[in-house]
Amino acid sequence: MTKKGKYILIAEDDPFIGKIMETTLAEHGYKVDRVTDGAQALEKIGSNEYDLVLLDLIMPVKDGFEVLSYLKKTTNETPVIVFSNLAQEEDKKEVMSLGAKGYFVKSSMAMNTLVGVVNNFVK
Amino acid sequence: MKKRVNKKNKHYHKSILLRPIGNLKIRTKLFLGFFTIILLAVTVGAIGYQQTTKTEDAWLEISEFALPEMRALEDMRSGGLRIVSSINEFLLLGYLGTAMGEQKTELNYINEGKEGLMEGLEEFRVLMVKSGDDFENYQNIHSTVSSLLAIADEAVSNDTINAEQRDTVVADIKEELEEAEGKFLDSVNALLIYEREEVDEEAEEITEYIEITQKSLLFLSITSLFIGILLTYLFSYLIANPIISLRNITSKIAKGDFSKKVHHYFSDEIGELADSFNFMSSELQQLYSGLEKKVKEKTADIRTAQKKLQTEKAKLETFLESIGEGIIALDTKGRIVTLNKSAESMLGISLKKVIGQPFKSHIKLKNEGGNPLLIEDHPISDVMTKRKSIFLISTFIKKDKSKLYMATTIAPIIDGKKVIGLISTFRDMTKEKEVEQTKTDFISLASHQLRTPLTGIKWILQEADRMKNIKEWREEYLSDAVVSTERMISLVHDLLNVSRLDSGILAVDPKKTDLGEFISRLIKVDAQPVANAKKQKIVFKKPANKIITSIDQDLIHQVISNLVSNALRYSEKGKTITIGLKKKKGKIEISIKDQGIGVTKKDQEQLFEKFYRTKDAALYSTTGSGLGLYIIKKILLACKGTVSIESKKGKGSTFTVSIPTKTPTKKVNGAQLFSHTIS
């Protein structure tokens, strides 16, 4: 509703998680694109101006780390928040060092919390 | 013992003759020797003296008796001749007196002649007595002189004698006288001849004596010489030889050769000395051999000890070498004393090259934080000073730059009260570290995989709560929640199966099965729906002859469905999966061939390990747990079967399962596995 025009990319290989994220964010007024692997994500980021990318880490073809590394390397400043089920502290460190704006463990957050995080960020 | 040795060492002289002399004391021997020589000299002297005395006596006899006799005889002859001349004179005087007529004068002359004749006769008798004559000559002469005197007396008393008569008388006297003269001369001559013969005999005897003396003296001298030489030799033999022998043996014994004994034959002082010497030598030998024996025993003891030590050392070395842990011994200055094979291979250094060299120049360690560990700052110094063992985990960078994680224990080597070095035992923790890492990775992955469907379910349920129209929600999300739940159950099953397989409590319950039918049903029920979704084709050609064998259907189902599941998952849409079944060499082979992503040679080596996922697989599909192939391997191991892979990256893979025609039953403590579903 208030976030009209904000453009979000969801990179998530799990079809059910991806689907529910996409549906929920769309319901909250975001324009949402969804891809299921890292390669597709990079392709989309390259061709569109996203306000935020919600990135999973464990994905086929190219994982989230590779996506972040590539973005860092190409100085693409598209903001990325990582939503993963990897809960290791090292993973968070690595992700943040690769330029992610945030790191969240999916299983430990409610769907509306996720929406809240996105809202907060793109405001 | 002493007696026996002594007796044994006595060598009596072969000659029994020499023995009694030999046995005499040296003093006696010397005395006897010199005495004999002196005796010989005295004997020679005495004999010479005796001979000379005899010669002298003979000479004396000749000079005292024979010569005076001869002289007496000469005197007698001259006396006799004087008598004859006296008679002639008397006759001449008487004749002259008569002729002159001087009766008185004539008578005087006759008396005078008579007296002279008597005197001559007496003188002659004395000579006769002296010469020991038998008086025959004297008798003759005496009778002649007596008849002569009777004629003279008759002539004197008869004054009337005429010239004729007188002439006759004178002629008679003359005749008588001539006869007497002749007889006398004969007799005296005979005496003289006799005396001369006697003297000659004596002289001859003397010459003989002299010759005998000469010869006997010569003989005695030569004999004495020989006897002297002989005696000298004998005594030198009896005295000097044993001394020489003694000296020779002494020097031999001095060189340690006790086998030789002093050979003495006599019981003189040297014999006694030799006895004492032999006794001493045998005592020495006993002592020496005792010593030698002791030395030998000690040497043997030492050898035994050395051998024992060597054995112990070898044992210790073998022990050290066979220990899987690396061991390094250092001296107090941190120099390497020794290290075992494990240490050599772990650290990539050789003992020969590093022995005696400082530990820190060859072994550079990093602490857990990755910073260099300096020996000086190292707690090793504490080990030395405080004599306390320490434990630490350090990282060693090998020459090939690979890391070696080591759990190290360092302990002091204490000899008595002194620390003489330290020993470091270290274990290669790399594998453990890897396993730990794999476990960490797995837990991370497993929790991720578990969280993912759970997240889906959670969010779907939250949506259900949020949504007003439950029917709309059910249509939209319920089936998704079910799939997510199943995925999670399947993952949990895999984890539990691994745990059961690892603890080895799998039950195997074979049943007679038509394998062709078994596989067909598996494809139809489990695989085909999944294949259809990806427009993939499954080809299975049942063999012409039925293959009926005993298998544990649940377990083999798990194996085949897992492999088919993989084949479908890692192949593109529209690809074909070919399943084969055949009997080969008393075994049954089931092959699953796909046209999928394939597995590199390097990955093939680790493919069946627990939690292993190839990078290609992980990038292709994120849902794998890395447990499927491990479970297959474990199941087949329990069923006495095998699994192998033939593959090339990007060209597809063929997994071949080989099972025996009869699977052995195993029910004891058996546990069943959770079944696998193809998704």
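Going by the structure above, here's the rest.
Residues numbered from 1 in each chain as written. Chains lettered and ligands numbered in written order. Predicted model: local features only at pLDDT ≥ 70, side-chain atom pairs only at ≥ 80, totals over all residues. Heavy atoms only, no water.

Peer 1: Please set out the packing of aromatic side chains residue by residue, giving values where relevant.
Peer 2: The full count for this structure, using the stated rule, is 4 aromatic pairs over all chains. Ring centres of Tyr7 of chain A and Tyr50 of chain A lie 4.5 Å apart, and the angle between their planes is 45°; this geometry places the pair in the tilted category. Of this pair, Tyr7 of chain A sits in strand E1 (residues 7–11) while Tyr50 of chain A sits in the loop between helix H2 (38–47) and strand E3 (52–55), and the two are 43 residues apart along the sequence. For Tyr50 of chain A, a relative accessible area of 5% puts it in the buried group. Geometrically, the ring pair formed by Phe608 of chain B and Phe655 of chain B is edge-to-face, given 6.3 Å between the ring centres and 80° between the ring planes. (Phe/Tyr/Trp six-rings, centres within 6.5 Å; stacked < 30°, edge-to-face > 60°. Helix = DSSP H or I, 4+ residues; strand = E, 2+ residues; numbered from the N terminus. Buried < 20%, exposed > 50% of the residue type's maximum accessible area, 1.4 Å probe, protein only.)

Peer 1: For the sheet that holds strand E5 (residues 102–105) of chain A, give the residues involved together with the corresponding values.
Peer 2: Residues and elements named next belong to chain A. In space, the 5 strands of this open sheet follow the order E2-E1-E3-E4-E5, with parallel pairing throughout. Bordering the open sheet on either side are strand E2 (31–35) and E5, each of which pairs with just one other strand. Recorded for the sheet is a direction-independent mean angle of 20° between the axes of neighbouring strands. Bridge count between E1 and E3: 4 bridges; the pairing is parallel. Bridging from a neighbouring strand, Leu9 pairs with Val53 of E3. (Pairing = 2+ DSSP bridges. Axes fitted to C-alpha atoms, helices over the stretch in contact; angles between N-to-C directions.)

Peer 1: Tell me what's going on with the pattern of salt bridges, and back it up with residues and numbers.
Peer 2: Under the defined criterion, the tally for this structure stands at 12 salt bridges over all chains. A salt bridge links Lys106 of chain A to Glu12 of chain A; the nearest nitrogen and oxygen atoms lie 2.4 Å apart. On the criterion of sequence distance, the pair formed by Lys106 of chain A in the loop between E5 and helix H5 (111–122) and Glu12 of chain A in the loop between E1 and helix H1 (15–27) is long-range, its members being 94 residues apart. By relative accessible area, which is 1% here, Lys106 of chain A ends up buried. Glu432 of chain B is the salt-bridge partner of Arg427 of chain B, the closest N and O atoms lying 2.4 Å from each other. Since its relative accessible area comes to 30%, Arg427 of chain B is described here as partly exposed. Overlapping salt bridges bring together Glu12, Asp56 and Lys106 of chain A as one network. (Salt bridge = Lys/Arg side-chain N within 4 Å of Asp/Glu carboxyl O.)

Peer 1: How would you sum up the interface of chain B and chain A? Please name residues and give values.
Peer 2: Quoted interface sizes are often the accessible area lost when the parts come together. Taken together, the contact between chain B and chain A spans 25 residues of the former and 31 residues of the latter. Summed over the three residues of chain B that lose the most area to chain A, namely His448, Trp459 and Leu619 of chain B, the buried surface amounts to 29% of that side. Remark: the boundary between chain B and chain A carries 2 salt bridges. Here Lys19 of chain A makes a salt bridge to Asp480 of chain B, at a shortest N to O gap of 2.9 Å. Of all the secondary-structure elements, those providing two or more residues to the side of chain B that touches chain A are helix H12 (430–466), helix H13 (470–502) and helix H17 (615–620) of chain B. (Contact = heavy atoms within 4.5 Å. Buried area = accessible area lost by both parts, 1.4 Å probe.)

Peer 1: Quick one: what's the story with the sheet that holds strand E13 (residues 642–647) of chain B, residue by residue and with numbers?
Peer 2: Residues and elements named next belong to chain B. Within the open sheet, the 5 strands sit side by side as E9-E11-E12-E14-E13. Their pairing is mixed. Edge strands, defined here as strands with exactly one partner in the open sheet, are strand E9 (537–540) and E13. Averaged over all pairs of adjacent strands, the angle between strand axes in this sheet comes to 15°, irrespective of strand direction. On the sheet, helix H14 (residues 515–533) packs against E9, strand E11 (576–584), strand E12 (587–593) and strand E14 (653–660) and is oriented at approximately 175° with respect to E9. On top of the sheet, helix H18 (residues 628–638) reaches E13 and E14; it is set at about 140° to E13, its chief contact.

Peer 1: Account for H2 of chain A, naming residues and giving values.
Peer 2: Residues and elements named next belong to chain A. Every buried residue belonging to H2 is among Gly38, Ala41, Leu42 and Ile45, and all of these are buried. The buried side chains of H2 occupy one side of the element, clustering within an arc of 95° when seen end-on. Facing away from the buried side of H2, by more than 90 degrees, are the exposed residues Glu43 and Ser47. Close packing links the buried residues of H2 with E1, E2, E3 and helix H3 (64–73). Residue Asp37 occupies the N-cap position of H2, its side-chain oxygen lying 3.0 Å from the main-chain nitrogen of Ala39. (Arc of directions from axis to C-beta. Polar contact = N/O pair within 3.5 Å; in protein donor to acceptor, adjacent residues only side chain to side chain.)

Peer 1: Please give an account of the nonpolar core that cites residues and values.
Peer 2: Ile579, Ile590 and Ile659 of chain B are the most contacted members of the largest nonpolar core, which has 49 residues in total. Setting aside anything within four residues of it in sequence, one finds Ile659 of chain B in contact with Leu515, Ile551, Ile556, Lys587, Ile588, Ile590, Leu636 and Gly641 of chain B. With 26 residues, the next largest nonpolar core counts Ile17, Tyr30, Leu114 and Val117 of chain A among its residues. (Core = buried A, V, L, I, M, F, W, Y, C linked by side-chain atoms within 4.5 Å.)

Peer 1: Run through a negative patch on the surface, naming residues and quoting values.
Peer 2: On the surface, a cluster of negative charge is made up of Glu56, Asp57, Glu61, Glu64, Glu197, Glu198, Asp200, Glu201, Glu204, Glu205, Glu208 and Glu211 of chain B. The set of elements that each furnish at least two residues to the negative patch consists of helix H3 (26–100) and helix H6 (163–254) of chain B. (Patch = residues over 30% accessible without salt bridge, like charges linked within 9 Å, V, L, I, M, F, W, Y side chains within 5 Å. Areas by Shrake-Rupley, 256 points an atom, 1.4 Å probe, with all protein chains shown as cover. Lys, Arg positive; Asp, Glu negative; His and termini not counted. Charge placed at Lys NZ, Arg CZ, Asp CG, Glu CD.)

Peer 1: Describe a nonpolar patch on the surface, listing the residues and the values that go with them.
Peer 2: All names here are of chain B. A cluster of nonpolar residues, Leu218, Ile222, Leu225, Phe226 and Ile229, forms a patch on the protein surface that exposes about 520 Å² of accessible area. As for its position among the elements, Leu225 is in helix H6. Look at Leu225 and you get exposed, because its relative accessible area is 51%.

Peer 1: Would you mind going over the pairing of E5 of chain A in detail, with residue names and values included?
Peer 2: All names here are of chain A. Sheet topology note: the strand E4 (residues 80–84)/E5 ladder contains 4 bridges and is parallel. Bridged to Val82 within E5 is Tyr103. Between the parallel elements E4 and E5, the chain passes through helix H4 (residues 89–97) in a crossover that is right-handed. (Right-handed = clockwise from strand over helix to strand, strands pointing away.)

Peer 1: Summarise H13 of chain B; cite the residues concerned and give the values.
Peer 2: With 33 residues, H13 of chain B extends 45 Å between its outermost C-alpha atoms, agreeing within 8% with the 48 Å of an ideal straight helix rising 1.5 Å per residue. Those residues of H13 of chain B that sit buried are Trp473, Tyr477, Asp480, Ala481, Ser484, Met488, Leu491, Asp494, Asn497, Val498 and Leu501 of chain B. In the core, the buried residues of H13 of chain B are packed alongside H1 of chain A together with H12, helix H15 (553–569) and H18 of chain B. Backbone geometry just after H13 of chain B places Gly504 of chain B at a positive phi near 65°. (Expected span 1.5 Å × (residues − 1).)

Peer 1: Which residues make up the packing of H2 of chain A against H3 of chain A, and what are the values?
Peer 2: Residue and element names in this part refer to chain A. Contact pair H2 / H3: the axes reach a minimum separation of 9 Å and the direction vectors enclose 30°. Judged by the angle between their axes, H2 and H3 are roughly parallel. Both H2 and H3 take part in a crossing whose hand is right-handed. Between H2, through Gly38, Leu42 and Ile45, and H3, the contact on the second element is made entirely by Val67, Tyr70 and Leu71. Along the lines of polarity and charge, the residues of the contact of H2 with H3 split into 5 nonpolar, 1 polar and no charged. (Parallel < 35°, antiparallel > 145°, perpendicular 65-115°, else oblique. Left-handed = near helix turned anticlockwise from the far one by under 90°. Nonpolar A, V, L, I, M, F, W, Y, C, P; charged D, E, K, R; others polar.)

Peer 1: I'd like a description of unusual backbone geometry, backed by residues and values.
Peer 2: Notably, Val61 of chain A is not glycine yet its phi reads approximately 60°, a positive angle. A positive phi is found at Lys585 of chain B, a non-glycine position, where the angle reads about 50°. The class for Lys585 of chain B is exposed, based on a relative accessible area of 79%.

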